[in-house]
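# Notes for the structure review
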Amino acid sequence: MLQDADRERQEAFERQQIAGGLTRLREQTRTLENKDYASATCYGTASIDSLLPYFIDTVNARKKERSKYKTAGHENKALQHILSIDTESACAITLKIVFDKVFSFRKKNSTVVSVTESIGKAIEAELQMRYYEKEAPALFAYLKDAYWHQSRGTEYKRKQMQTCFNRSDIPKWKHWENSVQIQIGTWFIDLLCESSGWFTKFTEFKGKRRCNYIYPTEKFFKFKDDIVKQTELFSPLSWPMIVEPKDWGVLESGGYYLNDLNRCHDMVRRGVPSSIQGKKTREFLNKIQKVPYRLNSFTITISEILEARQHEVGKFRPSINLEEPPKPLDIATNEEAKAEWKKKANEIHTKNVNNFRISCRTRMTLNVMQEFKDKVYWIPWSFDYRGRTYPIPSFLTPQADDFGKSLIRFADESEITEDGKEWLAFHVATTFGLDKATMDERKAWPYIPENASLIKRVATDPIDNIGDWEGVEEPWQFAAACEEFYSVVIAKTRSTTGLPVATDATCSGMQVLAGLARDKSTASMVNVIPSNEPQDAYKVIAEKALPNIPERFKPYWDRKCTKRTVMTIPYNAKPFSNRSYIRVALKEKGIEIEPEELTQTVKAVRAAMEEVFPGPMMVMRWIEKEVTRALKNGATELSWVTPSGFRVTQRLMKMNVKRLDLKLMGRCQISIPNGEKGVDTLHHKNATAPNLIHSLDASLLHISAVKFNPPIALIHDSVLCRATDMSHLSHLVRDTYMHLFAEHDYLSTFAESIGAETKPPMVGTLKPESVIESTYFFC
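Residues numbered from 1 in each chain as written. Predicted model: local features only at pLDDT ≥ 70, side-chain atom pairs only at ≥ 80, totals over all residues. Heavy atoms only, no water.

### A short note on the packing of aromatic side chains
What counts is decided by this rule: By convention, a stacked pair of Phe, Tyr or Trp rings (six-membered ring in the case of Trp) has centres within 6.5 Å and planes under 30 degrees apart, an edge-to-face pair has planes over 60 apart, and any other such pair is tilted. Secondary structure elements follow DSSP: runs of H or I of four or more residues count as helices, runs of E of two or more count as strands, with numbering from the N terminus. Relative accessibility decides the category of a residue: with a 1.4 Å probe and only protein chains considered, values under 20% of the type maximum give buried, values over 50% give exposed, and everything between is partly exposed.
Scanning the entire structure with this criterion turns up 35 aromatic pairs. With 5.5 Å between their ring centres and 70° between their planes, Tyr43 and Phe103 make a pair best called edge-to-face. One end of the pair, Tyr43, is in helix α2 (residues 42-66); the other, Phe103, is in the loop between α4 (87-102) and α5 (112-135), and 60 residues separate them in sequence. As far as burial versus exposure is concerned, Tyr43 and Phe103 are alike and both buried. For the pair Tyr293 and Tyr377, a centre-to-centre distance of 5.8 Å together with 25° between the ring planes defines the contact as stacked. On the criterion of sequence distance, the pair formed by Tyr293 in strand β4 (residues 292-295) and Tyr377 in strand β5 (residues 377-378) is long-range, its members being 84 residues apart. Across this residue pair, the class does not change: Tyr293 and Tyr377 are buried. In this structure an aromatic cluster arises from ring pairing among Tyr43, Phe99, Phe103, Trp198, Phe199, Phe220, Phe221 and Phe223.

What follows is the structure, given as structure tokens:
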């Protein structure tokens, strides 16, 4: 029972998150405005999205009108350029520059001359880049890949591209006169003011001097205030909690306690608000929220040392700041030395900016880590619309990256057992990179003398022996596993364990499809049926396809060539996608493939899959056929209830949008008002089978977790618990799978839910109860 004092402590903590979120939002807004990037602020992006369609309509109407009449010579030049660029691109460019300039803290940036000239120059730059791309597409692509990764603005990139093209044989770009640039900018500004009423020109007198500015109107400020208020409502930081989260009810929000925080998070993300979820579903969610965690002092210490040393390991990327080279003593007189120094200084600047960008995730994790260093904490969870479970906080959760996962432990530890020692050994070997080895090999690996010595070095002196662990498959989790195994099993300085140990489904999508179709052939390939070692479906498909592929590929043909094609069967991958995966796999081996050869190879692989995976291939085709029929019969959405009581509502609509690919400013999307164009049939056809599979593998874990009392966490179709509890949990998952598919014909239930007109296909060769003895079903 939560005490009043504990609740007050949590509510104070949540107020701190709300205040922190507001502070962060306002600081980000000020920073963007100071850097003349107001178009990237919350009000800037929302305003541009809202205004762009109306601005485009106004410009198109004026273009149509102006193209009917002759114009004076000086006007004709400007109009010629205005008509040469598509309206959508020109309007997007105009709006970005207007927001960047008008809301800049430098008042001179908002003068009419400054704004109109900048618009004209930006439109010219866009057409200039399109000219280069048209004249020499290969050279343009090469220069873009080689130079545009640098942390520089659009004008720097334009000049760089212009310099390179001027050295080529391509005819030079003919630059526009400054007066023409201003006329073009003025033309667009006038139409912007006309179409929105959000901006106006204002003349300010300073003595006898007159200066024209572009100002936002009261109408705009009202819109901006509404946008900022809405954004601030959803700005609170989402951190773990220092008390148990509030239970989710039929209609009551769960997780956080304050309304200002829990209204930011629904129980079902992207779900239908009126949809009521089943009792067992809520019971599952409330149960995993009651699991307490604490941080791992071992990995905290390592991270603090490596942060101070600016040493990168795996996903741990601290902010690395390289020093600028010293200026040459004769920089004022030696142009060659000055140019060389500027080049090196620019390289350092680019590296520092890129380092700061890629270190963002690590820096944020380290900041939250400091807040929870000495605390026991809890994690509020929610569902996506298919029933898969996700932590609401972004940091210190089981679904973090390798570094983030290594930081967490279950707060409630258990006395180590002989079975627990075996699972700890399994975890050490798996994080080292032996995830494809047999269970016996993994459990024996830490006891091999050289491996035991490695574990001791990492556990007792991870910094001086960093070369022993920084290059393994999951370095941070491996380091944490070494410390746990050494302390609990080898040195025996601790008798309890709280390290999360993970087991994962073997291609969960195929396991679900095998159960739905009762397909023994598929089941045997994905470890539903017992075997002495993990099965390799990719290798089997490669061997089956081998006789029918082109002769010259046979020496290079292996499991890697079929891996992605087989992996994506449950995700409705079509032959076109298969072509891409196989082409890339062969190219990595140095083999270029001709179109006819690729067609032959894809046919061979798909024929092999039809033979090895008959059930899944039939089920996928049946789902696609029946979904198409249901939508033609008037369905606007599809809905089904999983065995755990979770209601999935799949509503996929075509949106009226247009995507722009601006050469210098990047890609953007225009959303048309009232943009739903109807049901997206193609999306439904492609998404239903994957979503059905995800909903069922989620349901499998819902039911299993409700029966499991020790601490548990989830990562999609993977489960985590203490080493001492893993044998029990693995048995529960297998038992639940058996009951789901042995006692129920769920495919027929799904058929009724979507109003299918034909019976679902059933191979009928699998007895799901055989999974009880399968060692590698979850491993």
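We are not done yet, so read on.
### With respect to helix α28 (residues 726-742)
For clarity, the cut-off: To estimate the expected span of a helix, count its residues, drop one, and scale the result by 1.5 Å.
When the terminal C-alpha atoms of α28 are compared, their 24 Å separation across 17 residues agrees well with the 24 Å that a helix rising 1.5 Å per residue should span. For α28, a buried count of 12 out of 17 residues is recorded, marking the element as mostly surrounded by other parts of the structure.

### Section: the sheet that holds strand β8 (residues 408-410)
The condition that has to hold: The pairing criterion for strands is at least two bridges between them, as found by DSSP.
Spatial strand order, β5-β4-β8: 3 strands in an open sheet with antiparallel pairing. Two strands in the sheet have a free side with no partner beyond their single neighbour: β5 and β8. Across 3 bridges, the pairing between β4 and β8 is antiparallel. Bridging across to β8, Tyr293 finds its partner in Phe410.

### A closer look at the pattern of salt bridges
The following threshold applies: The term salt bridge refers to a side-chain nitrogen of Lys or Arg lying within 4 Å of a carboxyl oxygen of Asp or Glu.
Inspection of every chain in the model, using the stated rule, returns 41 salt bridges. Lys663 serves as the salt-bridge partner of Glu133, at 2.8 Å between the closest nitrogen and oxygen. Here Lys663 lies in the loop between β14 (653-662) and β15 (666-679) and Glu133 lies in helix α5, a separation of 530 residues in the sequence. Residue Glu133 is classed as partly exposed on the basis of its relative accessible area of 28%. The salt bridge involving Glu484 is made with Arg494; its shortest N-O contact spans 2.8 Å. Of this pair, Glu484 sits in helix α19 (residues 475-490) while Arg494 is found in the loop between α19 and β10 (496-497), placing the two residues 10 residues apart along the sequence. The exposure class assigned to Arg494 is partly exposed, which follows from its relative accessible area of 28%. Counted as one network, the salt bridges with shared partners bring together Arg294, Arg409, Glu413, Glu483, Glu484 and Arg494.

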